[in-house]
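An overview of the molecular structure
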Amino acid sequence: MSSTDTQIMITLRIWRGDANGGKFEDYRTPVAEGMVVLDAVHRVQAEQANDMAVRWNCKAGKCGSCSAEINGKPGLMCMTQLTHLPLDEPITIEPMRAFPRVKDLVTDVSWNYRVKKRIKPFKPRKPDASDGTWRMGQADVDRVQEFRKCIECFLCQDVCHVLRDHHLHEEFIGPRFLVHIAALEMHPLDTEDRLPELKEANGIGYCNITKCCTKVCPEHITITDNAIIPLKERVVDEYYDPLTRLWRLVWPKKNPNDV
Amino acid sequence: MSEARMSLPVARGFGETTRRDKWWVTPLVVFLGLSAFIVYSTWAAFQGKHYTHGPYLSPFYSPELWGESPHAWFGPRPSWWPGWLIFSPALLILWMPGGLRVTCYYYRGAYYKAFWADPPSCAVGEPRKSYWGENKWPLLIQNIHRYFLYIAIVFIFLLAHDAWKAMWFTDPVTRSTSFGIGLGTLVLTVNVALLGGFTFGCHAFRHLIGGKLDQLSTAKIRKPLYDCSSCLNRSHMAWAWISLFWVAFSDVYVRLCSMGIWKDWRII
């Protein structure tokens with residue numbers, strides 16, 4: 001594709017079906033330079049398959065709606081340039097595999113919202129000043145700010161083999177919510193203790209550090225190194241390290257409200 | 001929650017994927033790289049000879065607690081050592097740095113994929129249906145990582161001392177000792193620097209030095225140390241591989257010099 005006027009024909013191999021099953025169907029469509037996968041899908045939807053279901057909203061990589069698997073890799077359709085794909089062979093587009101299928105490219109991600117409700121919310125310490133305000137170090141806020149970039153596209157959940165291949169949704173909350181817990185747990189004002197749930201009900205031990213979640217994150221959050229592993233280490237502090245426990249017998253943890 | 005009733009797509013079979021790239025290359029390279037290191041280090045550890053050359057001591061044999069070389073701390077093989085049990089100074093100590101690598105977060109992720117296909121690669125089907133990750137025994141033992149870190153930090157100082165000793169050469173005729181730098185000195189110095197980069201960028205070190213604090217900015221000493229560790233940690237994979245290669249190369253260098261196949265090049 002050498003100019004915006006030049007169009008070439010490509011083949012999109014799109015999964016069509018619902019919760020009961022489905023199959024890939026091929027669609028030939030013209031594309032031009034600058035188009036993303038979602039543009040091509042929309043063109044197919046408009047011209048060849050009006051009944052095709054595809055969820056989208058912002059087309060700017062910020063709403064996290066158009067998550068799918070493009071040539072087998074979880075990604076946002078609106079952020080995947082066609083020029084970055086081999087166009088001489090069919091481009092495979094299928095729905096996420098870690099969630100129930102609704103129709104075509106649309107999956108039911110409501111499990112994630114139910115998981116989020118289970119997580120203990122932010123609980124700040126007593127205000128530092130009489131006017132009800134707090135004082136925080138910029139560096140401490142910066143550390144958790146990375147986690148707040150999450151757009152909840154759930155691509156990290158999709159690629160996580162614990163959910164995707166082993167379907168352990170009952171036992172493991174997935175990388176998205178480990179990031180959420182990290183944002184709360186490492187917050188300089190937060191006083192809540194989420195480690196017991198992290199170890200048991202949230203199943204952090206199921207993560208075997210494949211770093212697949214980090215690789216697919218469209219916001220480039222360093223999920224594994226900055227969120228999951230530090231949380232694993234905090235769980236080790238609390239439950240698996242006899243020296244730390246001994247240390248705490250001599251020097252108990254400060255009450256966060258006394259800071 | 002009623003997640004058990006969720007109707008999910010059937011999990012794919014082993015190696016099944018719609019990925020078009022050569023996803024198998026990375027796990028294959030990891031498999032071959034780690035296998036080569038395990039085979040070589042095991043062979044080298046069982047040799048029990050050609051691990052010193054002049055002031056140089058192979059890092060596979062350091063610290064040499066008991067042994068035949070002048071580097072040995074407590075003299076030759078102890079009399080209480082069972083005669084039927086093979087003896088090599090390396091076998092006494094190699095499990096310690098080995099333990100750090102086996103329980104290292106980077107290596108764990110890498111060898112779970114390359115050796116156990118759990119998963120073989122991201123978004124690629126697995127060979128087994130059951131999975132318990134690091135949530136239960138035996139992999140629960142990985143939480144011991146920080147204890148291997150404590151030992152590894154001691155090893156960094158010991159290897160730094162070896163690099164220092166590798167700067168003092170004894171004249172074979174006069175038996176006097178003088179300062180010098182040979183190619184082996186550089187090899188052993190680079191080795192300790194690379195191992196330091198790997199060890200002090202370790203996730204457990206990063207946590208213990210400051211990551212565990214929510215108000216890190218108030219910790220005047222720990223904050224800069226945490227920042228340094230975080231900087232190393234960003235390239236932890238690279239440190240892991242380069243230091244792994246170099247520690248094996250350091251042994252090869254000392255071994256081949258000791259065998260007379262390579263000649264140590266004296267720079268100063």
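Every value quoted in this text rests on a predicted model; they were computed, and no experiment measured them. (Residues numbered from 1 in each chain as written. Chains lettered and ligands numbered in written order. Predicted model: local features only at pLDDT ≥ 70, side-chain atom pairs only at ≥ 80, totals over all residues. Heavy atoms only, no water.)

**Let's talk about the overall build of chain B**
Scanning chain B from terminus to terminus reveals nine helices and four strands. Going from the N terminus to the C terminus, chain B shows its helices and strands as α-β-β-α-α-α-α-β-β-α-α-α-α. With respect to the principal axes defined by its C-alpha atoms, chain B has extents near 85 × 50 × 40 Å. Here chain B holds 268 residues, and the buried ones make up 49% of them. Long-range contacts, defined here as pairs at least 24 residues apart, represent 66% of the contacts in chain B between residues at least 6 apart. For chain B, the centre of its 25 positive side-chain charges and the centre of its 14 negative side-chain charges are spaced 3 Å apart. (Helix = DSSP H or I, 4+ residues; strand = E, 2+ residues; numbered from the N terminus. Buried < 20%, exposed > 50% of the residue type's maximum accessible area, 1.4 Å probe, protein only. Contact = heavy atoms within 4.5 Å. Lys, Arg positive; Asp, Glu negative; His and termini not counted. Charge placed at Lys NZ, Arg CZ, Asp CG, Glu CD.)

**Side note on the domain arrangement of chain A**
All names here are of chain A. When the domains of chain A are assigned, the result is domain 1 (2–107) and domain 2 (110–258). Listed as interface residues are 14 residues of domain 1 and, on the opposing side, 16 residues of domain 2. Summed over both partners, the interface of domain 1 with domain 2 comes to about 1,100 Å²; 58% of that surface belongs to carbon and sulfur atoms. Three residues, Pro74, Ala98 and Phe99, lead the burial of domain 1 against domain 2; their summed loss comes to 44% of the area buried on that side. Linking domain 1 to domain 2 there are two salt bridges. Here Glu69 makes a salt bridge to Arg164, at a shortest N to O gap of 2.6 Å. There are six residue pairs in polar contact (both at pLDDT 80 or more) connecting domain 1 and domain 2. Mapped onto the side of domain 1 that touches domain 2, the elements with two or more residues apiece are β3 (67–70) and β4 (73–76). Taken together, the residues that form the side of domain 1 that touches domain 2 break down as seven nonpolar, four polar and three charged. (Domains from an automatic or database assignment. Buried area = accessible area lost by both parts, 1.4 Å probe. Salt bridge = Lys/Arg side-chain N within 4 Å of Asp/Glu carboxyl O. Polar contact = N/O pair within 3.5 Å; in protein donor to acceptor, adjacent residues only side chain to side chain. Nonpolar A, V, L, I, M, F, W, Y, C, P; charged D, E, K, R; others polar.)

**Observations concerning a nonpolar patch on the surface**
Side chains of B:Trp24, B:Val25, B:Leu28, B:Val29, B:Phe31, B:Leu32, B:Ile38, B:Phe115 and B:Trp116 sit close together on the surface and give an oily, nonpolar patch of about 850 Å² of accessible area. Mapped onto the elements of the fold, B:Trp116 is located in the loop between α4 (105–114) and α5 (145–165). (Patch = residues over 30% accessible without salt bridge, like charges linked within 9 Å, V, L, I, M, F, W, Y side chains within 5 Å. Areas by Shrake-Rupley, 256 points an atom, 1.4 Å probe, with all protein chains shown as cover.)

**Structural notes on helix α1 (residues 37–47) of chain A**
The α-helix advances 3.6 residues per turn, and as a result positions three or four apart in sequence lie on the same side. All of the buried residues along α1(A) are A:Val37, A:Leu38, A:Ala40, A:Val41, A:His42 and A:Val44. Residues of α1(A) that are buried make contact with β1 (7–18), β2 (21–32), β3 and β5 (91–94) of chain A.

**A closer look at the interface of chain A and chain B**
Contacts between chain A and chain B engage 62 residues on the former and 52 residues on the latter. With both sides pooled, the region where chain A packs onto chain B buries about 5,000 Å², and carbon together with sulfur makes up 51% of that total. With its nearest N and O atoms 3.0 Å apart, the salt bridge here joins A:Glu89 to B:Arg20. At the junction of chain A and chain B, the tally comes to 34 residue pairs in polar contact (both at pLDDT 80 or more).

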